[in-house]
There are 6 protein chains.
Amino acid sequence: LLNKRITAIAFEFIQDKAGTYPVIRAMSEIAGNTSMLLAAEYMSHPEYGRGKMLGGFSGISPTEVVILGAGTVGEYAARAALGMGAFVKIFDNSVYKLRRLQNNLNTRIYTSMMQPRNLLTALRTADVVIGAVHSSYGRTPCIITEDMIRQMKEGAVIIDVSIDQGGCFETSRLTDHKNPVFKMHGVTHYCVPNIASKVPHTASYALSNFLTPILLKIGEQGGIDSVLRSDFGVRQGVYLFNGVSTNKFLSDTFHLPFQDINLLMAAFH
Amino acid sequence: LLNKRITAIAFEFIQDKAGTYPVIRAMSEIAGNTSMLLAAEYMSHPEYGRGKMLGGFSGISPTEVVILGAGTVGEYAARAALGMGAFVKIFDNSVYKLRRLQNNLNTRIYTSMMQPRNLLTALRTADVVIGAVHSSYGRTPCIITEDMIRQMKEGAVIIDVSIDQGGCFETSRLTDHKNPVFKMHGVTHYCVPNIASKVPHTASYALSNFLTPILLKIGEQGGIDSVLRSDFGVRQGVYLFNGVSTNKFLSDTFHLPFQDINLLMAAFH
Amino acid sequence: LLNKRITAIAFEFIQDKAGTYPVIRAMSEIAGNTSMLLAAEYMSHPEYGRGKMLGGFSGISPTEVVILGAGTVGEYAARAALGMGAFVKIFDNSVYKLRRLQNNLNTRIYTSMMQPRNLLTALRTADVVIGAVHSSYGRTPCIITEDMIRQMKEGAVIIDVSIDQGGCFETSRLTDHKNPVFKMHGVTHYCVPNIASKVPHTASYALSNFLTPILLKIGEQGGIDSVLRSDFGVRQGVYLFNGVSTNKFLSDTFHLPFQDINLLMAAFH
Amino acid sequence: LLNKRITAIAFEFIQDKAGTYPVIRAMSEIAGNTSMLLAAEYMSHPEYGRGKMLGGFSGISPTEVVILGAGTVGEYAARAALGMGAFVKIFDNSVYKLRRLQNNLNTRIYTSMMQPRNLLTALRTADVVIGAVHSSYGRTPCIITEDMIRQMKEGAVIIDVSIDQGGCFETSRLTDHKNPVFKMHGVTHYCVPNIASKVPHTASYALSNFLTPILLKIGEQGGIDSVLRSDFGVRQGVYLFNGVSTNKFLSDTFHLPFQDINLLMAAFH
Amino acid sequence: LLNKRITAIAFEFIQDKAGTYPVIRAMSEIAGNTSMLLAAEYMSHPEYGRGKMLGGFSGISPTEVVILGAGTVGEYAARAALGMGAFVKIFDNSVYKLRRLQNNLNTRIYTSMMQPRNLLTALRTADVVIGAVHSSYGRTPCIITEDMIRQMKEGAVIIDVSIDQGGCFETSRLTDHKNPVFKMHGVTHYCVPNIASKVPHTASYALSNFLTPILLKIGEQGGIDSVLRSDFGVRQGVYLFNGVSTNKFLSDTFHLPFQDINLLMAAFH
Amino acid sequence: LLNKRITAIAFEFIQDKAGTYPVIRAMSEIAGNTSMLLAAEYMSHPEYGRGKMLGGFSGISPTEVVILGAGTVGEYAARAALGMGAFVKIFDNSVYKLRRLQNNLNTRIYTSMMQPRNLLTALRTADVVIGAVHSSYGRTPCIITEDMIRQMKEGAVIIDVSIDQGGCFETSRLTDHKNPVFKMHGVTHYCVPNIASKVPHTASYALSNFLTPILLKIGEQGGIDSVLRSDFGVRQGVYLFNGVSTNKFLSDTFHLPFQDINLLMAAFH
């Protein structure tokens with residue numbers, strides 16, 4: 001790429017006007033919803049779960065779903081679970097995120113800081129645990145220890161959406177679409193990374209929703225350079241500009257000369 | 001009354017078109033709402049509760065409220081608790097009542113049959129327990145044993161609305177507005193009967209809402225007899241008709257001759 | 001059974017106070033929720049569906065779910081679908097049922113009478129179709145013809161919950177848990193009868209919720225005869241009383257002498 | 001104005017703390033609500049619509065309303081339509097705006113990017129189409145071609161709120177309060193600009209709500225200059241300061257010397 | 001009709017399974033919704049209202065809508081008003097009806113018994129008053145006296161849906177579609193009877209939704225007589241059976257021999 | 001502190017990522033909820049209120065609650081009041097805040113600018129008035145004059161949460177937990193400052209939720225200095241850095257030399 005003087009853009013780093021990452025957001029919405037459907041599938045499985053239905057019905061104490069992380073994945077997992085009538089507890093270390101989630105869900109739900117004592121109480125009666133902790137850099141912290149897993153109910157189901165970043169359960173280990181789950185201490189673990197790949201059609205659709213307007217803009221404005229100059233958000237996705245690295249992390253890792261893309265663009269004016 | 005050949009009506013037995021008892025219903029709405037306000041008051045009390053606020057806020061695990069009984073009292077207690085952000089669990093032995101409650105509350109809440117194991121799990125983490133079990137005849141069954149109370153949290157608050165019918169906690173004993181609460185096994189008990197009497201103004205208003213149309217009707221139709229003939233619901237409230245007992249229970253208890261009011265009215269035609 | 005002079009009760013015919021059948025109701029709630037989870041599973045299947053996710057996200061036109069029948073199955077299928085963000089259209093021939101459903105769902109949804117033209121328009125763009133038509137006697141009517149199926153989208157998913165009564169799609173044919181689906185005209189059909197059997201744990205729990213109070217009552221009242229005399233609802237489930245058939249349909253089919261259970265009970269007094 | 005050395009403020013350019021334009025926002029809320037009331041009026045008109053009622057009732061497939069644009073106009077049009085029970089589809093090119101709208105409406109509605117195929121499918125069955133696309137500069141893009149209009153239902157109603165900026169339907173042409181509508185290809189078009197002027201009383205009230213605090217502040221602080229120095233938002237509305245143009249667009253158009261208002265104010269300190 | 005020995009059915013007297021009148025119910029839903037759209041139209045009218053918009057926006061005190069009667073008309077008028085953001089007060093003399101309405105609307109609204117003092121307080125600040133009182137026989141009672149109208153705001157709008165039964169305002173007098181409104185004491189009165197006729201297309205659709213299944217049944221069962229025997233609800237609509245009056249009221253008025261339709265049908269078996 | 005060269009942090013000035021003050025926010029949530037519970041307590045008091053219940057029931061016109069200020073206190077007071085079924089009117093001078101509140105509450109409520117005429121109309125029928133106006137500096141403005149109080153209903157209850165900043169009622173004067181209320185012009189005034197201190201347990205919990213992560217971070221990063229350098233929000237709470245005043249207000253008041261903490265931190269890099 002360097003030799004061919006390519007301008008390369010990583011779409012997951014493109015930002016929208018509000019400074020968020022639309023691709024990550026879209027994939028997280030999908031991952032959140034899918035994680036709950038997977039949980040329902042394994043709960044009803046005769047071997048892995050125990051023939052239980054995810055949901056809540058009058059007179060039967062509802063499925064207890066514990067969600068770790070109040071970001072987009074957690075929000076959409078919670079929406080699906082609430083829709084089926086489950087009882088949802090959400091843990092996060094940011095009061096700010098918990099409050100925003102509560103506003104988005106339009107219903108006052110059970111939220112709590114990630115205090116070990118509260119977490120353990122919740123895990124003991126949980127039927128489903130979703131790991132949806134996102135780390136902005138490096139590995140997700142391990143939040144649930146093996147000892148806590150041991151105290152969970154036989155037949156409970158864990159979906160570790162954080163597995164892409166190493167997972168947030170001590171007992172998590174990478175699985176794949178062929179052998180997606182394993183049991184440990186009586187608890188079923190689903191640890192396939194990139195959960196959105198389970199629904200490739202929907203995921204592609206979401207991506208093209210986002211990329212098409214950018215491609216159209218490039219066409220209308222006569223080339224990528226012009227778009228990069230005018231659109232701050234797209235510019236943030238550039239990691240190679242005419243073969244020059246504009247990504248600090250890559251430059252550091254591969255010892256490439258680095259240039260700041262914003263300065264490069266300012267020079268163009 | 002017998003000698004004066006009085007026609008006497010007990011307003012709590014008057015029925016509306018749907019066959020329900022409007023006075024009991026109105027008093028139950030008030031009792032349900034009031035019970036939750038009392039729970040809030042005692043939870044925040046420095047001695048009886050422990051300076052806690054009833055409700056739920058982002059990041060603080062919400063107050064857990066257990067409600068025994070899914071009738072009108074339970075419904076209005078649940079409404080108030082949900083409004084303040086508390087987490088509500090409702091127990092009843094009738095799936096039918098739990099389903100109706102869920103429909104009325106417009107939100108899928110935690111409901112369960114009154115199974116001792118589920119009850120105990122819920123009591124152990126409860127901050128507030130409302131006893132709202134109604135028995136259609138005789139004493140309410142004792143649902144929560146002293147042993148279960150012992151396992152509750154220090155500083156929890158019990159409001160036994162069922163105390164009018166004997167109470168549904170083994171540890172309940174009648175109190176009054178002067179000394180409304182006592183502590184036992186670290187749990188505060190509020191056992192004042194006729195809870196609606198705490199808000200006499202509102203209760204009177206509710207009663208007159210219901211009685212005024214009947215009085216007007218008596219005036220318009222030229223007397224009580226005419227109303228009793230035409231209005232099946234009012235008729236059900238009659239326990240003395242011209243000095244004759246029309247209430248089976250009273251007749252049996254006091255060895256009075258009994259006449260069926262419906263037959264008496266049919267004879268008038 | 002006849003020789004042993006058994007008293008036999010079919011629990012699906014037991015009625016509650018409101019005259020509805022609680023067992024059928026409970027199984028229908030489970031079937032409705034499960035049908036939507038199955039639809040999600042097959043929609044995301046690489047072969048049967050096309051890797052799509054059931055749900056709705058900003059900017060992607062949501063999954064279109066058509067539900068035939070506005071009874072309990074339809075209601076709980078709709079709840080789950082709405083919870084995941086799908087767009088739901090419900091068809092029924094009873095305005096009364098559609099109105100009740102709308103009240104229960106707390107949201108104004110798309111409802112329509114089963115007019116062929118409206119149905120076809122809805123089918124053409126549908127991703128999921130749930131057959132939840134219940135016939136009070138005999139076979140469910142065939143509502144969707146093979147010709148209508150032909151006009152559906154490639155990769156759409158049909159869950160025929162009515163298959164227990166013969167199915168409401170012309171193309172439906174019985175399948176089982178081993179080979180649950182087949183494709184026809186590009187549309188995946190799921191036609192396993194008794195869908196609640198997919199989640200046996202939950203279904204058993206729901207049944208015991210309902211049967212335990214009856215068994216307790218039998219114990220308390222000293223025998224089944226006493227309960228049958230006092231409880232009109234349980235009595236409706238009796239099809240053999242001391243070896244005498246009390247079910248008209250069975251008597252007619254097997255040429256057994258028939259006795260009306262209500263008359264038998266009245267005689268006991 | 002120049003000669004008199006006037007300081008002139010255009011209130012539609014005044015910003016609030018969040019950087020939005022409160023006057024435009026208020027007028028857009030009004031326009032959105034009003035557009036739906038106009039749609040209802042013309043749908044029920046014997047000549048223009050066909051005696052239909054905007055709304056949704058059990059058993060009748062609900063009115064289909066397509067809204068182009070997910071800004072404030074679109075939001076308030078959607079609120080009114082949903083309130084009457086209509087079925088609403090919203091199109092926009094910004095996933096971000098669609099998501100925000102969905103959060104504000106508290107209900108998951110049908111949203112989609114403006115893809116021609118999806119748009120055409122929606123238009124074919126639409127009863128009402130609201131054009132609520134806002135262009136931040138220049139003419140709104142023409143989104144619906146004459147050919148698409150031809151495929152709409154006879155008697156459908158178009159309200160082009162974007163007509164102030166040229167309209168977003170190819171067939172739109174300016175109308176006025178006297179002859180507000182015309183029919184083309186069987187579709188009724190309402191293209192009166194400045195829709196909020198239909199309800200002058202409410203619009204004036206909304207304006208004075210916004211202007212009164214500014215006037216009071218001017219009074220308290222002893223003059224407009226002091227307010228302009230301290231209040232960044234009001235300052236953005238200034239286009240003439242003591243007779244000097246502070247609006248780039250005006251200066252360019254009329255060849256007036258231009259001064260940046262922020263720099264002018266900084267100089268005052 | 002008598003001579004031709006016709007069997008005549010009045011569709012507004014046909015009952016459904018729940019004992020309600022589906023035609024009256026459908027027309028009432030339409031009338032309720034339409035009444036609010038008319039109120040919006042006249043409120044925004046430059047002469048009759050005062051250019052106000054029906055609705056509610058942040059910072060502007062919302063339109064106050066008073067609805068007299070908590071039946072179906074009142075419910076659908078309230079739904080439309082709440083959807084536009086208006087503030088709704090509902091009055092009825094039946095606590096039972098108010099409670100049911102509140103459950104159906106899914107939001108706790110302002111309800112009150114029809115006490116003159118409360119009514120007057122509400123009228124003084126009302127922008128719109130809907131008269132939706134239904135009398136099961138004879139004329140609707142006159143609830144709002146001319147003196148109360150005098151105390152209303154200039155420019156308020158009254159829609160008297162009860163005008164079919166004489167109206168519930170002392171100042172109401174019948175108008176027609178040509179001159180639908182008049183002003184009195186500064187208040188605009190709309191008193192066109194049969195409001196559903198404003199939207200004939202929707203009204204016809206609702207009627208045919210209801211009548212088609214009956215006609216199909218007549219076809220399938222080989223004639224009207226068979227349907228009348230088996231369907232209790234349809235039977236209630238019959239007022240002439242083979243030329244014999246089966247309607248008590250008609251028989252009394254026109255001195256026709258009367259026969260009870262239920263007895264006639266029983267004889268057929 | 002100066003001599004000991006202490007670094008001192010005022011936690012109420014620490015900011016989160018969104019630039020808001022989390023401690024003030026948390027205390028305001030608690031104050032809002034508590035204020036409504038206090039209002040309920042005094043309304044039902046036989047002497048201060050008049051035995052009324054705060055709330056709303058079918059057929060009884062609901063409690064009218066007026067809230068001055070649409071900030072966090074106002075929001076949580078409104079949530080609690082709505083939950084109990086009261087009718088809420090909110091006044092604020094910022095349309096922006098009213099709009100945000102409405103979005104957060106998920107229900108269109110009565111909002112209005114603080115216009116004296118509208119305020120007086122609302123006060124005349126109010127049962128409860130909450131003063132929740134926050135002034136960013138200095139004393140809160142006095143919004144309700146003694147003359148307006150005189151026109152309020154006998155037995156109404158005022159909770160002046162703004163009393164910490166001087167109160168927003170002309171008649172307010174500081175009270176304490178021992179004698180929390182007084183009556184004036186028939187209106188009960190509750191003017192205890194720092195309302196959150198009524199529920200110390202919950203308030204402490206909320207504070208430690210917020211402080212624990214900061215203390216952990218200090219531990220992990222090896223000292224407060226490192227945290228101050230990297231965390232902009234915590235830095236804003238510093239008023240003494242190694243004994244040097246970094247708070248402009250304190251420096252001015254006590255004539256201490258002042259240093260800007262941001263510049264100090266920048267120097268450290």
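Refer to the structure printed above.
None of the values given here were measured: they were computed from a predicted structure.

Participant: Please set out the overall build of chain A residue by residue, giving values where relevant.
Facilitator: Helix and strand counts for chain A stand at 10 helices and 10 strands. Considered along the principal axes of its C-alpha atoms, chain A spans approximately 65 × 40 × 35 Å. Taking all 269 residues of chain A together, 56% fall into the buried category. Within chain A, contacts between residues at least 6 apart in sequence are counted, and of these 60% link residues at least 24 apart. A total of about 11,500 Å² of accessible surface is found on chain A, and carbon and sulfur atoms cover 56% of it. A gap of 3 Å separates the mean positions of the 25 positive and 21 negative side-chain charges of chain A.

Participant: Any details on a nonpolar patch on the surface? Residues and values, ideally.
Facilitator: Residues and elements named next belong to chain A. Where nonpolar side chains cluster on the molecular surface, the patch consists of Phe 13, Tyr 21 and Ile 24 and spans about 260 Å² of accessible area. The residue Tyr 21 is located in the loop between β1 (8-9) and α1 (22-43) in this model. For Tyr 21, a relative accessible area of 34% corresponds to the partly exposed category.

Participant: Can you explain the interface of chain C and chain B? Please cite residues and give values.
Facilitator: With 11 residues of chain C at the contact, the number on the chain B side is 8 residues. At the boundary of chain C with chain B, total buried surface from both sides reaches about 900 Å², with 38% on carbon and sulfur atoms. Counting across the interface, chain C meets chain B through 1 salt bridge. For Arg 99 of chain B, the salt bridge identified is with Glu 29 of chain C, shortest N-O distance 2.9 Å. Where chain C touches chain B, the interface holds 2 residue pairs in polar contact (both at pLDDT 80 or more). Of all the elements in the fold, those that place two or more residues in the side of chain C that touches chain B are α1 (22-43), α2 (72-83) and α6 (200-221) of chain C. Counting residues per element, the side of chain C that touches chain B draws most heavily on α6 of chain C, which supplies 3 residues.

Participant: Can you lay out the packing of aromatic side chains for me, pointing to particular residues and giving the numbers?
Facilitator: Here the structure, examined in full by the defined rule, presents 27 aromatic pairs over all chains. Ring centres of Tyr 110 of chain C and Phe 87 of chain D lie 6.2 Å apart, and the angle between their planes is 85°; this geometry places the pair in the edge-to-face category. Here Phe 87 of chain D lies in strand β3 (residues 87-91) and Tyr 110 of chain C lies in strand β4 (residues 110-112), a pairing that spans two chains. Across the pair, Phe 87 of chain D and Tyr 110 of chain C agree in class, each one buried. Between the aromatic rings of Tyr 42 of chain E and Tyr 48 of chain E, the centroid separation amounts to 6.1 Å while the plane-to-plane angle is 75°, which identifies the pairing as edge-to-face. Linked through ring pairs, Phe 87 and Tyr 110 of chain A together with Phe 87 and Tyr 110 of chain B together constitute an aromatic cluster. When the ring centre of Tyr 76 of chain A is taken as origin, the NZ or CZ atom of Arg 79 of chain A, which lies over that ring, is 5.1 Å away.

Participant: Which residues make up the sheet that holds strand β3 (residues 87-91) of chain B, and what values go with them?
Facilitator: Residue and element names in this part refer to chain B. Judged by pairing direction, the sheet is mixed, and its 7 strands sit side by side in the order β4-β3-β2-β5-β6-β8-β7 without closing on themselves. The open sheet has two edge strands with one neighbour each: β4 (110-112) and β7 (181-184). The sheet shows a mean angle of 20° between the axes of neighbouring strands, direction not considered. Running at roughly 150° to strand β6 (residues 157-160), helix α1 (residues 22-43) makes contact with β2 (64-68), β5 (128-131), β6, β7 and β8 (187-190) of the sheet. In the packing of helix α4 (residues 116-124) onto the sheet, contacts are made with β2, β3, β4 and β5, and the angle to β3 comes to roughly 155°.

Participant: Pulling in residues and values, what's your account of the pairing of strand β9 (residues 238-241) of chain F?
Facilitator: Residues and elements named next belong to chain F. Both strand β1 (residues 8-9) and β9 contribute to a ladder of 2 bridges, which runs antiparallel. Looking at the pairing, Ile 9 lines up with Val 238 of β9. Two strands pair when backbone bridges link them, and β9 and strand β10 (residues 244-245) are joined in this way by 2 bridges, in the antiparallel orientation. Within the sheet, the bridge partner assigned to Leu 240 lies in β10 and is Ser 245. Taken together, β9 and the strand that follows it, β10, pair antiparallel across an intervening segment of 2 residues, in which Asn 242 is found at a positive phi of about 50°.

Participant: Any chance you could break down the pattern of salt bridges for me, citing the residues and the numbers?
Facilitator: Residues and elements named next belong to chain E. With the rule as written, the count across this model stands at 66 salt bridges over all chains. Residue Asp 147 is joined to Arg 150 by a salt bridge in which the shortest nitrogen-to-oxygen separation is 3.6 Å. Here Asp 147 pairs with Arg 150, and both are found in helix α5 (residues 146-150), just 3 residues apart, close to one helical turn. Arg 150 sits in the partly exposed class, given a relative accessible area of 48%. Measuring nitrogen to oxygen at the nearest pair gives 3.3 Å for the salt bridge that ties Asp 252 to Lys 248.

Participant: Give a description of helix α3 (residues 95-105) of chain A that names residues and reports values.
Facilitator: Turning to α3 of chain A, its buried residues number three or more, namely Val 95, Leu 98, Arg 99, Leu 101, Gln 102, Asn 104 and Leu 105 of chain A. Tucked inside the fold, the buried residues of α3 of chain A contact α2 (72-83), β3 (87-91) and β4 (110-112) of chain A, α3 (95-105) of chain D together with α1 (22-43) of chain F. Looking at the residues trailing α3 of chain A, positive phi occurs at Asn 106 of chain A, about 60°.

Participant: Lay out the arrangement of the chains with the relevant residues and their values.
Facilitator: Structurally, chain B and chain D remain out of contact, their C-alpha atoms never closer than 14 Å. Chain C shows no contact with chain F. Their nearest C-alpha atoms sit 14 Å apart.

Participant: So, the packing of α1 of chain C against α6 of chain C: which residues are in play, and what are the values?
Facilitator: All names here are of chain C. Following both chains from N to C, one finds α1 and α6 inclined at 155°, their axes separated by 10 Å at the closest point. Viewed along their axes, α1 and α6 adopt a mutual orientation that is roughly antiparallel. Regarding α1 and α6, the two cross each other, and that crossing is right-handed. For the pair formed by α1 and α6, the contact residues are Pro 22, Val 23, Ala 26, Met 27 and Ile 30 on the first element and Thr 202, Ala 203, Ala 206, Leu 207 and Phe 210 on the second. Of the residues assigned to the contact of α1 with α6, the class counts are 9 nonpolar, 1 polar and no charged.

Participant: Lay out the sheet that holds strand β2 (residues 64-68) of chain D with the relevant residues and their values.
Facilitator: Residues and elements named next belong to chain D. The 7 strands lie next to each other as β4-β3-β2-β5-β6-β8-β7, forming an open sheet whose pairing is mixed. Strand pairing shows two members of the sheet lacking a second neighbour, β4 (110-112) and β7 (181-184), which therefore form its edges. The mean angle between the axes of side-by-side strands here comes to 20°, regardless of whether they run parallel or antiparallel. Both strand β6 (residues 157-160) and strand β8 (residues 187-190) contribute to a ladder of 3 bridges, which runs parallel.

Participant: So what's going on with the relation of the copies chain C and chain A? Residues and values would help.
Facilitator: Rotating chain C by 180° and moving it 0.0 Å along the rotation axis overlays it on chain A with an RMSD of 0.1 Å. A rotation of that kind, with that shift, is consistent with a two-fold axis. Considering only C-alpha atoms, the residue of chain C closest to the rotation axis is Gly 83 of chain C, which sits at 1.8 Å. A shared interface surface links the copies, since 100% of the contact residues of chain C are contact residues in chain A too.

Participant: Before we move on, could you go through the relation of the copies chain C and chain B and cite the residues and values that matter?
Facilitator: Take chain C, turn it by 120°, move it 0.1 Å along the axis, and it overlays chain B with an RMSD of 0.1 Å. Look at the turn and shift together and you get a three-fold axis relating the two. For chain C, the residue whose C-alpha comes nearest the rotation axis is Asn 106 of chain C, separated from it by 3.9 Å. A share of only 9% of the interface residues of chain C reappears at the interface of chain B, consistent with the copies meeting through non-equivalent patches.

Participant: So, the interface of chain C and chain A: which residues are in play, and what are the values?
Facilitator: Often the size quoted for an interface is simply the accessible area lost on bringing the parts together. If you look at the interface, chain C gives 31 residues, while chain A gives 31 residues. The largest contributions to the chain C side of the interface with chain A come from Met 53, Phe 57 and Ile 60 of chain C, which together make up 22% of the buried area. Linking chain C to chain A there are 0 salt bridges. Inspection of the chain C/chain A interface yields 6 residue pairs in polar contact (both at pLDDT 80 or more). The set of elements that each furnish at least two residues to the side of chain C that touches chain A consists of α1, α2 and α6 of chain C. Of all the elements, α1 of chain C adds the most residues to the side of chain C that touches chain A, at 7 residues. Considered class by class, the residues forming the side of chain C that touches chain A number 14 nonpolar, 11 polar and 6 charged.

So, how was this worked out
One numbering rule holds for all chains: residues counted from 1, following each sequence as written. Numbering of ligands from 1 and lettering of chains from A proceed in the order in which they are written. Under the rules for a predicted model, residues below a pLDDT of 70 receive no local features and side-chain atom pairs below 80 are neither given nor counted, while totals for whole chains, interfaces and linings still include all residues. To get the side-chain values, all heavy atoms of the structure are used, and hydrogens and water are removed first. Helix numbering and strand numbering both begin at the N terminus, where a helix is a DSSP run of H or I of at least 4 residues and a strand a DSSP run of E of at least 2. A 1.4 Å probe rolled over the protein chains alone gives each residue an accessible area, and that area as a share of the maximum for its type sets the label: buried under 20%, exposed over 50%, partly exposed in between. In what follows, a contact means two residues having at least one pair of non-hydrogen atoms within 4.5 Å. Surface exposure here means Shrake-Rupley accessible area, sampled with a 1.4 Å probe, where a residue is shielded only by the protein chains that are shown. When charges are counted, neither His nor the chain ends are considered; positive counts come from Lys and Arg and negative counts from Asp and Glu. In plain terms, the charge of a residue is placed at NZ if it is Lys, CZ if Arg, CG if Asp and CD if Glu. Any residue with relative accessible area above 30% and no salt bridge may belong to a patch, with like charges joined within 9 Å and the nonpolar Val, Leu, Ile, Met, Phe, Trp and Tyr side chains within 5 Å. Think of a salt bridge as a Lys or Arg side-chain nitrogen and an Asp or Glu carboxyl oxygen that are within 4 Å of each other. Here's the idea: put two parts together, see how much 1.4 Å probe accessible area each one loses, and the total over both is what we call buried area. Whenever two N or O atoms come within 3.5 Å, that pair is a polar contact, provided that in protein one can donate a hydrogen and the other can accept it, and provided that, for residues adjacent in sequence, both atoms are side-chain atoms. Ring pairs shown here join Phe, Tyr and Trp side chains whose ring centres sit within 6.5 Å, with only the six-membered ring taken for Trp; geometry is labelled stacked below 30 degrees between planes, edge-to-face above 60, and tilted in between. For a Lys NZ or an Arg CZ to count as sitting over a ring, it must be within 6 Å of the ring centre and within 35 degrees of the ring normal. Pairing between strands is defined by DSSP: at least two bridges between them are needed. As a rule, the C-alpha atoms of each element are fitted with a line to give its axis, helices using only the stretch in contact, and angles between N-to-C directions run from 0 to 180 degrees. Angle categories: roughly parallel below 35 degrees, roughly antiparallel above 145, roughly perpendicular from 65 to 115, and oblique for all the rest. For a crossing to be left-handed, the near helix must be turned anticlockwise from the far one by less than a right angle; the clockwise case is right-handed. Amino acid classes used here: Ala, Val, Leu, Ile, Met, Phe, Trp, Tyr, Cys and Pro are nonpolar; Asp, Glu, Lys and Arg are charged; the rest, including Gly, are polar. All copies are superposed by least squares; the fitting set is the C-alpha atoms of residues with a pLDDT of at least 70 in both.

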